[in-house]
Amino acid sequence: MPLNAVPDYDFTVRAKVTGLAAKTTYYYRFVAGSDISAMGTTRTAPAATEAVPQVRFAWFICQNWSANHWQAMTLMAGETDLDFVVHLGDYIYETTDDDTTEPTHPAILLPGGGTVANTLHDYRTLYRTYRGDARLQTVHAHFPMGRDLGRSRILRRLLADHQTYTNANLQQTARRRAANQAWAEYLPVDWGDVSFDLNNAAYDNIRICHDFHFGTLVHLVMTDERLHRDDNVVSEAAIAQALGHDPVNGNDLVGSRYFVPQSVLSQFEADDTQRLGRVPSILGPTQTQWWKDTLKASTATWKVWGNEVMMNRLWLDLSALVPAPNNTIFVIDCDAWDGYRSHKADLMSYVKTQGITSFVAITGDLHAFQAGIVRDTPDPATGTPVMIDLMSAGISSQPFFEEIKSQLAGNSLSSLTSLISTSSVLDAFFERNNPDMLYTDRDGIGYASATVVTPTQFIAIFNKVKFLNPDGSAPQAPLDKCTRLTINAGAVSGAVQDNV
Ligand SMILES: [Fe+2]
């Protein structure tokens, strides 16, 4: 199949090969003159109507170029018989000023200068550099990515087309379009499937929500949780003003996106709902309807949601632990589904009323291994379990335990750091506040796999790898431990946990 590499797309090429047989392994390579690429392997999905006995796959997230090491990718690439792998976000990070610790990675110099990607040239440089890593190349060469959902962290720092670095939340449409374009150029996606249109001048010139069938056993439903979302519900500028901080140049993430009193979130959500004429959402109205319609129509045994941000409830009740005004219930991560609670409740109650069973989400974003029951309403005493959220830690990014300590330093919640002195103390503290958690390890890196998905069971494994050695080198035998979670088909109610 002849392909033209052209400068308009940074000399990237993509081939959509059609007419392939179902459930078949194919080998491929690219030839340009005397240059011949390494051989790639892919496997087509079984036909949507075929009753297959088993599906196996893995998912991974958050590969910061400059953090820890990427050895987990080598472990994942060595897994045999995976039908596919899924990336759930932070395929690149848009910043280059993190401490460079990954032993084999040189510092990235952005063409535009500075430490944050802004231009198309910057984003292309990031993707080109990340995709130059031999371990990531091996993952791509060994497995099909159903459709790679990897979105850069720019999509966390750019909600729709507004930046979130400062309280001003400046609109940056050109930057968003540059991020969209470089993603579409450098990841193995078909521009018809993802509806990428450079001629569309809008920031949302790309559509990536999509679904895949693996026989009658697994229906993978993938959503975009950055592009179509409303701004975070609690305004940074309003919080800054209330605290006497700079509402333009300051950065009041704590209090607006993280660690938000529940009463404050409720008030802002009510205000947003009145202004928007609907509840603020992550998926946006069109994608929400698609999600509902797709799941309702699904006849697959397992409905697997490729979800980008945490569905599990993560609250902390500080009423007996700290003085006023912080002696209240806090919602820890309002960038995740907890921050859009009416929207979350709408989706989860839909799952309940439609009788959608055997429903699990595969998730990332928090930099933690975490599994838990999600209910139609957040109260464990009264809510009905509707799904299990399975979250993998990042390949290399700084774990949640480290992030939360730095977030709390130097603000009114700094006394909390003594309550979360170690990662196991942190985990136990969160579990007491959120009894629906089934498993947590918020001080880890690695990846997750679903090694046995059958008509009766969904078995997921959290593969935790060791951090860097004290001398800064990567561990020779990186695997630390594997934790297995077994979920029975039907109405989800929990998971059996053991070590393997
Ligand atoms: Fe991340």
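Residues numbered from 1 in each chain as written. Predicted model: local features only at pLDDT ≥ 70, side-chain atom pairs only at ≥ 80, totals over all residues.

A.B. asks: Help me out: how do you make sense of the overall build of the protein in this one?
C.D. replies: Helix and strand counts for the protein stand at 11 helices and 22 strands. In terms of overall dimensions, the protein is globule-like: its C-alpha atoms have a radius of gyration of 22 Å, near the 23 Å expected for 500 residues. In terms of principal-axis extent, the alpha carbons of the protein reach across some 70 × 55 × 55 Å. A buried classification covers 47% of the 500 residues belonging to the protein. Long-range contacts, defined here as pairs at least 24 residues apart, represent 70% of the contacts in the protein between residues at least 6 apart. (Helix = DSSP H or I, 4+ residues; strand = E, 2+ residues; numbered from the N terminus. Rg over C-alpha atoms; globule rule 2.2 N^0.38 Å. Buried ≥ 20, exposed ≤ 12 C-beta atoms within 10 Å, placed from the backbone. Contact = placed C-beta atoms within 7 Å.)

A.B. asks: Honestly, the sheet that holds strand E20 (residues 457-465) in this entry has me stumped. Any pointers?
C.D. replies: Whether parallel or antiparallel, the strands of a sheet pair through hydrogen bonds between backbone atoms. If you walk across this open sheet you meet the six strands as E6-E5-E19-E20-E21-E22, and the pairing is mixed. Looking along the sheet, the strands with just one partner apiece sit at the ends: strand E6 (84-87) and strand E22 (496-499). Going from strand to strand, the sheet's axes swing by 20° on average, the running direction of each strand aside. In this sheet, strand E19 (residues 445-453) lies alongside strand E5 (residues 55-60) in antiparallel orientation, the contact comprising four bridges. Note that in E19 the partner of Phe57 across the bridge is Ala450. (Pairing = 2+ DSSP bridges. Axes fitted to C-alpha atoms, helices over the stretch in contact; angles between N-to-C directions.)

A.B. asks: What am I meant to see in the sheet that holds strand E9 (residues 210-214) here?
C.D. replies: With mixed pairing, seven strands are arranged side by side in an open sheet as E9-E10-E12-E15-E17-E16-E18. Each end of this open sheet is capped by a strand with a single partner; those strands are E9 and strand E18 (437-441). Here the average twist between neighbouring strands, direction ignored, is 20°. Here strand E16 (residues 369-375) runs beside strand E17 (residues 385-391); their pairing, made up of six bridges, is antiparallel. Across the sheet, the residue bridging to Val374 is Met387, located in E17. On the sheet, helix H9 (residues 341-353) packs against strand E15 (359-363), E16 and E17 and is oriented at approximately 125° with respect to E17.

A.B. asks: Mind showing me how you'd approach the confidence of the model for the protein here?
C.D. replies: Residues of the protein with pLDDT of at least 70 account for 97%, and the chain-wide mean is 92. Per-element averaging of pLDDT across the protein places helix H4 (residues 154-157) at the bottom with 54 and H9 at the top with 98. (pLDDT = per-residue confidence, 0-100.)

A.B. asks: Is there a simple way to explain the environment of Pro103 in this structure?
C.D. replies: Looking at the secondary structure, you find Pro103 in the loop between E6 and helix H2 (120-130). Given 15 C-beta atoms within a 10 Å radius, Pro103 is considered partly exposed. Expressed as a C-alpha distance, the spacing of Pro103 and Ala324, which sit 221 residues apart in the sequence, is 46 Å.

A.B. asks: Would you explain H2 in this entry?
C.D. replies: In an α-helix, one full turn covers 3.6 residues, which means residues spaced three or four apart are oriented alike. Across the 11 residues of H2, eight count as buried, placing the element largely inside the fold. Within H2, burial applies to Leu120, Asp122, Tyr123, Arg124, Thr125, Leu126, Tyr127 and Tyr130. Check the buried side of H2 and you find it contacts helix H3 (134-142) and helix H5 (173-186).

A.B. asks: Would you mind going over unusual backbone geometry with me for this structure?
C.D. replies: Trans peptide bonds make up most of the peptide bonds, and negative phi angles are found at most residues other than glycine. Omega for the bond connecting Ala324 with Pro325 falls within 30 degrees of zero, at 5°, which places this linkage in the cis form. Topologically, Pro325 is positioned in the loop between strand E13 (315-317) and strand E14 (329-333). The phi torsion at Cys62 lies on the positive side, around 55°, for a residue other than glycine. Tracing the chain through its elements places Cys62 in the loop between E5 and helix H1 (71-77). Backbone geometry at Ser358 places phi at a positive 50°, although glycine is not the residue there. Along the chain, Ser358 falls in the loop between H9 and E15.

A.B. asks: Can you help me understand helix H6 (residues 236-243) in this one?
C.D. replies: Within H6 the residues assigned to the buried category are Glu236, Ile239 and Ala240. All buried residues of H6 lie within an arc of 100° about the axis, which places them on one face of the element. (Arc of directions from axis to C-beta.)

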